[in-house]
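Fold and geometry: a report
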Amino acid sequence: MIKTEVAVIGGGPAGLMASLAAANMGANVTLIDRNSRLGGQLVKQTHMFFGSEKQYASIRGIDIGKFLASEVEKNPKIKIMLDSTVVAYYPDDGVLGIEVEEKKWVKMKADRIIIATGASERFLPFENNDLPGIYGAGAVQTLMNEHGVLPGKNVLMVGAGNIGLIVSYQLMQAGVNVKAIIDAAPNIGGYWVHASKVARLGIPILTSYTVKAAYPNEMTGALERAVIWKVDDKWQPIPGTEKVFNVDVMCIAVGLSPLAELLWQAGCQMVYVPELGGHVPLRNENMETTVPGIYVAGDVAGVEEASSAMMEGQLAGLSAAKSLGYDDGSYEEKKNEVLRELEALRSGPVGEKIRKGLSKVII
Amino acid sequence: MLAKNGIPELEELSVRIPPKERLAKGPVVMVECFQKIPCNPCAKACKTGAITLGDDINNLPMVDYEKCTGCGLCVSKCPGLAIFVIDETYSEKEATVSLPFEFLPLPEEGDEVDVLDRAGKVVGKGRVVKIRNGKYEDKTPVITVAVPKELSMIVRNIRVGGDK
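Just so it is clear, the model here is predicted, and its values are computed rather than measured.

Counted residue by residue, helix 5 (residues 192-199) of chain A has eight buried out of eight residues, so it is predominantly covered. Listing the buried residues of helix 5 of chain A in full gives Trp192(A), Val193(A), His194(A), Ala195(A), Ser196(A), Lys197(A), Val198(A) and Ala199(A). Residues of helix 5 of chain A that are buried in the fold lie against helix 4 (162-173), strand 10 (177-183) and strand 11 (205-207) of chain A together with helix 1 (2-5) of chain B.

In structure tokens, the structure reads:
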């Protein structure tokens, strides 16, 4: 049985910041990630981030990930476990079950647990949605940005949120032709600056359109043709409005859902909050759930931007360390600063949905 | 319409066009930021205090065109790639547009390139007169392209090597 003071599950923006915050207050931290390198989704983000300097604005996600990972690696208070997936939490004795390198089973007892497992991609039901050539946006980014492999030649992007817009831009940078970006919503969901970036490349953005069906090439069985159609203001498709695209790739970017399995196992009180992407845990201002000693941060607490995930991670890390008695006198000041940053990030019109969602989960 | 296709209508754009008198004096910034999002690197990058946000990071950038020297230090720092520098005094018939360009191959100074509007449509030819691509730009090169004067408010992208 491994013992640690603070176990941080997930080495993305929230988990990295949580580890640093807790360790810098004096706690011994074990950071566990299922991938073979730290950074989570940051490693795929080649665009510059928004926000303020506190969230490393104007620096590319990939560079933020590298910087935070190197800070974590340098920190003597943080132990890192890579290729390690936390698959179980036993509420009776608070033990975590971890599968290490797909062969070892390790048990860990932590005084505090910060769950920063992120989110998973949603998919879209339509005829033939399982054809080769139909990817989630995350898979396209992994192929392209991590492994240098192009997903295909001609792409239909489904989803005009920030992920759909950003991945379209990255595809064009990689020399792949994005034929169109469609979204069933009447308006573009992502930041307008991202939309203008892809518009300037000549990519049409078609709002109020959804996928009708996909068709395979008879020889290869892989995607060859996609048909879209318009939806009315009640989201019902309108026959006769079909458009056909000859594409070998369809990229689905229709949102994320929190990866909350461990929270369910732990018995955290969960609520379904559409504004936050699905089932999320009730939590207090310090990011502690209804199970004492279990904290959350980042997309698992509600799907939002990486900038706020970093701030939530910091808050959870500070709070977990403080609850163990670690406080060099700076806790109140640091916590208030993070709360101010979070409020600023969420206070504008684009934060309205998040504010509405959070009002249902903060206790 | 920005909310529908990412392309600003003239009406949406008009609030961001620098005053005529200022354009007549030399290079000046045009901040094509239309949505209140939490973001402040433009104001941080500005050394003359021309771009400010006030006390709320969600505010749209406010530009004091008299303070702006058209230095362009903000262009590569905007995460939205939404800042351009326009010089309508470049020559009798030409204006320059400085724009962020994150594509390969990069053009070289002196190259003739296709120039594109905000919808990505080719609207003519331009000549690359300057490329800034140092450590400061950090992989967001800033390309200055000379275009016919009447295209100074139209051209917002370039294409190197023609249509694929």
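Moving on, we get to the domain arrangement of chain A. Residues and elements named next belong to chain A. Partitioning chain A into domains gives domain 1 (2-120 + 256-358) and domain 2 (123-252). The distance between the C-alpha centroids of domain 1 and domain 2 comes to 31 Å. Taken together, the contacts link four residues of domain 1 with six residues of domain 2. Partitioned by chemical class, the residues of the side of domain 1 that touches domain 2 number one nonpolar, two polar and one charged.

Two orientations exist for strands paired in a sheet by backbone hydrogen bonds: parallel and antiparallel. All names here are of chain A. The three strands are arranged 12-13-14 in an open sheet whose pairing can be described as antiparallel. Only two strands of the sheet have a single neighbouring strand rather than two, namely strand 12 (209-216) and strand 14 (243-245). Taken pair by pair, the neighbouring strands of this sheet meet at an average axis angle of 25 degrees, ignoring direction. With seven bridges connecting them, strand 12 and strand 13 (residues 223-230) associate as antiparallel partners. By the bridge assignment for strand 13, Ala213 is matched with Val227.

With 33 residues of chain A in contact, the opposing surface of chain B contributes 34 residues. Sorting the residues of the side of chain A that touches chain B by element identifies helix 5, strand 11 and helix 8 (331-346) of chain A as the ones contributing at least two each. Broken down by element, the residue count for the side of chain A that touches chain B peaks at eight residues, all from helix 5 of chain A.

With that out of the way, let us pick up unusual backbone geometry. Between Leu104(B) and Pro105(B) the backbone carries a cis peptide bond, its omega angle lying at -5 degrees. Phi at Asn128(A) is positive, roughly 65 degrees, even though this residue is not glycine. Assignment of secondary structure puts Asn128(A) in the loop between strand 7 (119-121) and strand 8 (134-136). Residue classification places Asn128(A) among the partly exposed residues on the basis of 15 C-beta atoms within 10 Å.

All names here are of chain A. Taking strand neighbours across the sheet as the criterion, the five strands line up as 8-15-9-10-11 in an open arrangement whose pairing is parallel. Edge positions in the open sheet fall to strand 8 and strand 11, since each of these has one partner strand only. Averaged over neighbouring strand pairs, the angle between their axes works out to 20 degrees when direction is ignored. Pairing of strand 9 (residues 154-158) with strand 15 (residues 249-252) involves four bridges; the strand directions are parallel. Note that in strand 15 the partner of Leu156 across the bridge is Met250. Contacts from helix 3 (residues 137-147) reach strand 8 and strand 15, with the element oriented near 90 degrees to strand 8. Running over the sheet, helix 4 touches strand 9, strand 10 and strand 15 and is turned about 175 degrees from strand 10.

One face of the sheet, then the other: side chains in a regular strand alternate in exactly this way. Residue and element names in this part refer to chain A. Sheet topology note: the strand 2 (residues 29-32)/strand 3 (residues 78-81) ladder contains four bridges and is parallel. Paired with Ile32 across the strands is Met81, a residue of strand 3. Following the chain from strand 2 across helix 2 (residues 61-74) to the adjacent parallel strand 3, one finds a crossover that is right-handed.

So, how was this worked out
- Residues numbered from 1 in each chain as written.
- Chains lettered and ligands numbered in written order.
- Predicted model: local features only at pLDDT ≥ 70, side-chain atom pairs only at ≥ 80, totals over all residues.
- Buried ≥ 20, exposed ≤ 12 C-beta atoms within 10 Å, placed from the backbone.
- Helix = DSSP H or I, 4+ residues; strand = E, 2+ residues; numbered from the N terminus.
- Contact = placed C-beta atoms within 7 Å.
- Domains from an automatic or database assignment.
- Nonpolar A, V, L, I, M, F, W, Y, C, P; charged D, E, K, R; others polar.
- Pairing = 2+ DSSP bridges.
- Axes fitted to C-alpha atoms, helices over the stretch in contact; angles between N-to-C directions.
- Right-handed = clockwise from strand over helix to strand, strands pointing away.

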